[in-house]
Amino acid sequence: MNIGIVCYPTYGGSGVVATELGKALAMEGHQVHFITYAMPFRLDGFHNNVFYHEVEMPNYPLFEFQLYTLALASKMVDVIRYEKLDILHVHYAIPHATSAYLAKKIIEKEHDIKIVTTLHGTDITLIGLEPSFLPLVKFAIEESDAVTSVSRFLREKTLTNFNIKNKEIDVIPNFIDTDLYVPSSECGLREQYAPQGEKILMHVSNFRPVKRVSDTVRILNEVLKSVPAKLILIGDGPERSEAERLSRELGIGEHVRFLGKQNGLPQILSAADVFLLPSQSESFGLAALEAMSCGVPVVATSSGGIPEVIIHGETGYVAEIGDTDRMAKYVVDLLTNPKKHKRFAEASRQRAVEEFETKLLLPNYIALYERLLASPKAAPKEPSKQNGYVLDFVV
Ligand code: GMT
């Protein structure tokens, strides 16, 4: 198949999933065309069957704001037409699903492109609910040829928040290459940051408010009362300086290390004793899965789809949003019980391999594409009615 993939190329879970999906499809012999405004950060190096089409932004003085949605739609039309795409798979509804709808309409007389929209998280639970976006997101979901969500939680939220009645949403959980994300020998991180045998807590994210990064500092502060430990923070974003300020205010700045955006995550994650994900909202929690695959138990909040990934009391623990004392208790429990820690670490790895391995979940996407291509060309539809929204802000 010729498959177009549209995603955000920046540091974030939806771009990671889209890129890994594209790479896995290319390995199966499909031609994969990425359409983005910059090279996706996990698409480094050469890959057979992978092509890249950059969205060019027109620079015209009248346009005070960038017209990305339109520029993207235009690039989509170009790639659909000249690369003869069968499927256009967009990740994160805003604005990608809207651009895809527009592209489909522009080209429909010459080419029947099938649009797949994968919903990832805040496109549904947060920003998609803004009055300025809600009608667009609902419309784009209803007009996609197929819609998938990365968790059962996200499917339910989509159906209720957007009052979607006549649209199937397939749940295809996020996946991981468990041969790459594998418990590995130390990368030197432990000697560098925990030379006295301190335990290592780790967090990886894009440091947006929804991640509640400062809660990792609060958790460390409690843990330090009984266990010598260090907190390693990977990634960057708007909440970094607040986390740094809090660690200094609490007098634990020397125990918190910020390593910024990093490649080579499997080796880095393998150095952790416990992974922390205290998010306000998380449709899935890909970072938790990456840690689990490296044999690291996760302590997280029970928000959104996280309990579909972490089994409380088996592969990690979940607590209420903001309950840093409880999360710290769980961390101490794991750090002071080596047998339990080993059991949880092994169960985490096993769950990643048995439930979320790429090879297990990739066929779901391929089957979905094949089903769409086998379906007859739909007759032009009346636009759907934009009424009856249920507003349910989760954050
Ligand atoms: O929805 C977002 O905030 C963006 C997205 C991203 O690009 O980081 O994250 C979401 O998609 C990931 C991949 O499917 C999920 O693992 C994350 O849980 C989800 N983030 C949220 O729901 C906050």
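In case you missed it, the structure is sitting above this.
Anyway, here's the lowdown on the structure attached to this text. (Residues numbered from 1 in each chain as written. Predicted model: local features only at pLDDT ≥ 70, side-chain atom pairs only at ≥ 80, totals over all residues. Heavy atoms only, no water.)

Right, let's get into unusual backbone geometry. Pro95 follows Ile94 through a cis peptide bond whose omega is -15°. Summarising the element assignment, Pro95 is placed in the loop between strand 4 (87–91) and helix 3 (96–107). Backbone geometry at Asn49 places phi at a positive 70°, although glycine is not the residue there. Inspection of the secondary structure puts Asn49 in the loop between strand 2 (31–36) and strand 3 (50–54). Asn49 sits in the partly exposed class, given a relative accessible area of 24%. Phi at Tyr92 takes a positive value of approximately 80°, unusual for a residue other than glycine. (Helix = DSSP H or I, 4+ residues; strand = E, 2+ residues; numbered from the N terminus. Buried < 20%, exposed > 50% of the residue type's maximum accessible area, 1.4 Å probe, protein only.)

Let's shift gears to the site of the ligand. The full set close to the ligand counts 18 residues, and Gly13, Ser14, His120, Thr122 and Glu282 are the nearest of them. Here an oxygen atom of the ligand sits 2.7 Å away from a polar atom, N or O, in the main chain of Gly13. Between the ligand and the protein, one listed contact pairs an oxygen atom with a backbone N or O atom of Ser283 at 2.8 Å. Protein chains shield 95% of the accessible area of the ligand, which is 480 Å² for the free molecule. (Near = heavy atom within 4 Å. Polar contact = N/O pair within 3.5 Å; in protein donor to acceptor, adjacent residues only side chain to side chain. Areas by Shrake-Rupley, 256 points an atom, 1.4 Å probe, with all protein chains shown as cover.)

Here we come to the pattern of salt bridges. Pairing between side chains becomes possible if they bear opposite charge and their charged atoms approach one another. Considering all chains together, one arrives at 27 salt bridges under this definition. For Lys225, the salt bridge goes to Glu222, with nearest N and O atoms at 2.8 Å. With its nearest N and O atoms 2.9 Å apart, the salt bridge here joins Arg245 to Glu242. Pair noted here: Arg245 and Glu242 are both in helix 9 (residues 240–249), with a separation of three residues, about one helical turn. Exposure remark for Glu242: the relative accessible area of 28% places this residue in the partly exposed category. (Salt bridge = Lys/Arg side-chain N within 4 Å of Asp/Glu carboxyl O.)

Another aspect to go through is the nonpolar core. One finds Met76, Leu88, Met202 and Phe275 to be the most contacted residues of the largest nonpolar core, which totals 97 residues. Apart from the residues within four sequence positions on either side, Phe275 is in contact with Met202, His203, Val204, Leu269, Ala287, Ala288, Ala291, Val296, Pro297, Val298 and Val299. With 29 residues, the next largest nonpolar core counts Val213, Ile219, Leu231 and Leu276 among its residues. (Core = buried A, V, L, I, M, F, W, Y, C linked by side-chain atoms within 4.5 Å. Contact = heavy atoms within 4.5 Å.)

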